Structure formats: structure tokens, C-alpha cells
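Listed here are the chains, written in short residue letters.
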Amino acid sequence: MYVENKTISHEPAGEGAVRKILAYSPNLMTVELQFEKGAIGAKHSHPHEQIGYIVSGSLIYQEEGQEDKVLTTGDTYYVAPNVVHGVKVLEDTKLLDIFTPMREDFIHK
């Protein structure tokens, strides 16, 4: 399987944010997100493991029970299943999120 990014349309992902669902299988999913400066990725949780990679930009990563952390281009974060987390975007930012298993809620709306 391959996915050409230019063929995928953005979809809304909250105020000031859009996402593209890229390659995925039942066990793994990649999602590209773009946030405008000042956007808030509301605190939430899900049963999936998640790794995020900051392709460009910067944000404040928030995780329940941890100190807020400023992350910038090239940094990554890991989210364990069911952990409450969110972001505050400091400048226009692009992320690549990887989920296991895939986020069925992103596909079946």
C-alpha cells in the first residue's frame, strides 16, 4: 500500500486544525495534522497508543500527571492508552501522528 499525500483532502479536526488520513491497516495508522498558531488540541483520551512527530512548528504538549512541555520541530511524544493529553499551538505546526491500533473513529463517521 502507498498513499500519495497530494491526492488526500484535508478534513476538519477542531477549530484551527485539519488532518489527512494517510496509510493505515487495522493495526496501525498515520495521520498528518496541521494546526494554526493559537489553536488548541483539546484534552482527550483514547484506547490507542500514539506517537507524535513534530514535522514543523512548536506546541505545548500537555499530559495528565506531567508538567507541560514545549516541543519543537523534530521532537516526538508518546501517549499511552487512555491517558488524557492535548496541545496548545505556539506557531503554525504540522504533526505526524501514528496510532496503534488504527483509529476507526477517524474512518467511520
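From a predicted model like this one, the values you see are computed outputs, not experimental measurements. (Residues numbered from 1 in each chain as written. Predicted model: local features only at pLDDT ≥ 70, side-chain atom pairs only at ≥ 80, totals over all residues. Heavy atoms only, no water.)

A. Up close: the sheet that holds strand β8 (residues 76–79). Across the sheet, 6 strands lie side by side as β1-β2-β3-β10-β5-β8; this open sheet has antiparallel pairing. Looking at which strands have only one partner, the edges of the open sheet turn out to be β1 (11–12) and β8. (Pairing = 2+ DSSP bridges. Helix = DSSP H or I, 4+ residues; strand = E, 2+ residues; numbered from the N terminus.)

B. Broad picture of the environment of R19. Mapped onto the secondary structure, R19 falls in strand β2 (residues 17–25). For the pair R19 and K94, spaced 75 residues apart in sequence, the C-alpha to C-alpha distance is 9.5 Å.

C. View of the sheet that holds strand β7 (residues 69–72). With respect to topology, 4 strands assemble into an open sheet ordered β4-β9-β6-β7, the strand pairing being antiparallel. Bordering the open sheet on either side are β4 (40–44) and β7, each of which pairs with just one other strand. Averaged over all adjacent pairs, the angle separating strand axes in this sheet is 25°, with direction ignored. Where β4 and strand β9 (residues 85–89) come together, 3 bridges link them in antiparallel fashion. The residue of β9 that forms the bridge with H44 is H85. (Axes fitted to C-alpha atoms, helices over the stretch in contact; angles between N-to-C directions.)

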